[in-house]
Amino acid sequence: MISLDQVEKRYEQGGAVVHALRSTTLDLRGGDFVAVVGPSGSGKSTLLSVLGAMLNPSAGRVVLDGTSVYEIGVAERARVRNERIGFVFQNFNLVPWMTALENVELPLRLYGGSRAERRGRALELLEHFGLADRVGHRPSELSAGQQQRVALARTLVTRPTLVLADEPTGNLDPASRNLVLQTLTDFRDDDRAIVLVTHDPAVSRAADRILTISDGLLEESKAASEIGLASDVA
Ligand SMILES: Nc1ncnc2c1ncn2[C@@H]1O[C@H](COP(=O)(O)OP(=O)(O)OP(=O)(O)O)[C@@H](O)[C@H]1O
Ligand SMILES: [Mg+2]
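Heads up: these notes are all about the structure in this document. Worth saying up front: this structure is predicted, and the values here are computed from it rather than measured. Counting from 1, residues in each chain are numbered in the order their sequence is written. Naming scheme: in the order in which they are written, chains are lettered from A and ligands are numbered from 1. Given that this is a predicted model, residues contribute local features only at a pLDDT of at least 70 and side-chain atom pairs are listed and counted only at 80 or more, while totals for whole chains, interfaces and linings are drawn from all residues.

Topic: the sheet that holds strand β1 (residues 2-13)
Next, step 1: Read across the open sheet, the 4 strands follow the order β2-β1-β4-β5; overall the sheet is antiparallel. Where the open sheet ends on each side, the last strands, each with one partner, are β2 (16-28) and β5 (67-68).
Next, step 2: Note that strand β4 (residues 59-64) and β5 share 2 bridges and pair antiparallel. Looking across to β5, one finds that Leu64 is bridged to Thr67. Paired strands, as defined in this entry, are two strands with at least two bridges between them according to DSSP. Numbered from the N terminus, helices here are DSSP runs of H or I no shorter than four residues, and strands are runs of E no shorter than two.

Here's what the structure looks like:
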């Protein structure tokens, strides 16, 4: 589905060079549920942005279903992003003046369909995440964990092929966390892959591949099943 071929990302800051991502080769397939773990500043968000067609690498190629996403025009890249990739940002990035419902409906505007249909789908997901009684609240009127679930609903509402989520359970209690993990597990299918950045061992246990990143260097640990971690969520 998506592959990184010797991808690197360097930042140059006042003469010093930060190797946010060292030469990385990686192949993600439909059905993959991948956890990315590593200390703060190790390059996790950088990896996610590069995978998400949002950050040009300094070297290498990123190929999504045959399209080299940084070798096409900006407009075409934006279209690939809108149609194929769902991103959950570390800081949610909800639109502050819109209600929870309007935030979740927003990406559906690119897809046509009637207003009632869009509203129905958005409501269904918000209800699924236990937010039926918060749909009219603006982000500032929601707790961090509630905003996180609104952001996730907004990402899933368009049914993207590749879900990239930066610490999507960081603000959640165990019950909400398990609901999010179960939802992502159910969402994944042969044509859809999920990549999560996480510090939570319960989340990486649910994944079937674990990528460890340290100072920009990515390593794949054994598949979760091989190290005796069942992929059950409860
Ligand atoms: N725009 C930038 N300019 C210069 N350096 C940057 C930039 N963005 C990130 N970095 C550096 O690149 C490295 C990787 O950053 P990144 O945000 O990917 O880390 P992270 O693993 O997501 O950390 P965290 O767990 O704290 O979110 C860090 O050392 C950071 O300081
Ligand atoms: Mg980060």
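The structure having been displayed, the exposition proceeds.
Topic: the site of ligand 1
Next, step 1: Looking at ligand 1, there are 13 residues lining it, with Tyr11, Ser40, Lys44, Ser45 and Thr46 nearest.
Next, step 2: Looking at the shell around ligand 1, the elements that each hand over two or more residues are β1, β2 and α1 (44-51).
Next, step 3: When residues of the shell around ligand 1 are assigned to their parent elements, the largest contribution, 3 residues, is made by α1.
Next, step 4: Here the nonpolar group is Ala, Val, Leu, Ile, Met, Phe, Trp, Tyr, Cys and Pro; Asp, Glu, Lys and Arg are the charged ones; every other residue, Gly included, is treated as polar. Partitioned by chemical class, the residues of the shell around ligand 1 number 3 nonpolar, 9 polar and 1 charged. Working rule for contacts: place C-beta from the backbone, and if it is within 6 Å of a molecule or strand, that residue counts as near it.

Examining unusual backbone geometry
Next, step 1: Notably, Ala53 is not glycine yet its phi reads approximately 60°, a positive angle.
Next, step 2: Within the secondary structure layout, Ala53 lies in the loop between α1 and β4.
Next, step 3: In this model, Arg159 sits at a positive phi of 50°, which is unusual for a non-glycine residue.
Next, step 4: Mapped onto the elements, Arg159 comes out in the loop between α5 (144-156) and β7 (162-166).
Next, step 5: Taking the number of C-beta atoms within 10 Å as the measure of exposure, Arg159 has 13 and is therefore partly exposed. Exposed residues have 12 or fewer other C-beta atoms within 10 Å of their own C-beta, buried residues have 20 or more, and partly exposed residues fall in between, where C-beta atoms are placed from the backbone.

Brief notes about the sheet that holds β7
Next, step 1: Spatial ordering of the open sheet is given by β6-β7-β8-β3-β9-β10, a layout of 6 strands whose pairing is mixed. Each edge of the sheet is formed by a strand with only one pairing partner; in this case those strands are β6 (85-88) and β10 (217-220). Pairwise comparison of adjacent strand axes, ignoring direction, gives a mean angle of 15° for this sheet.
Next, step 2: Relative to β7, β6 runs parallel, the two sharing 4 bridges. Residue pairing for β7: Gly86 is matched across the bridge by Val163. Throughout, an axis means a line fitted to C-alpha atoms (over the contacting stretch in the case of helices), and angles, computed between N-to-C directions, take values from 0 to 180 degrees.

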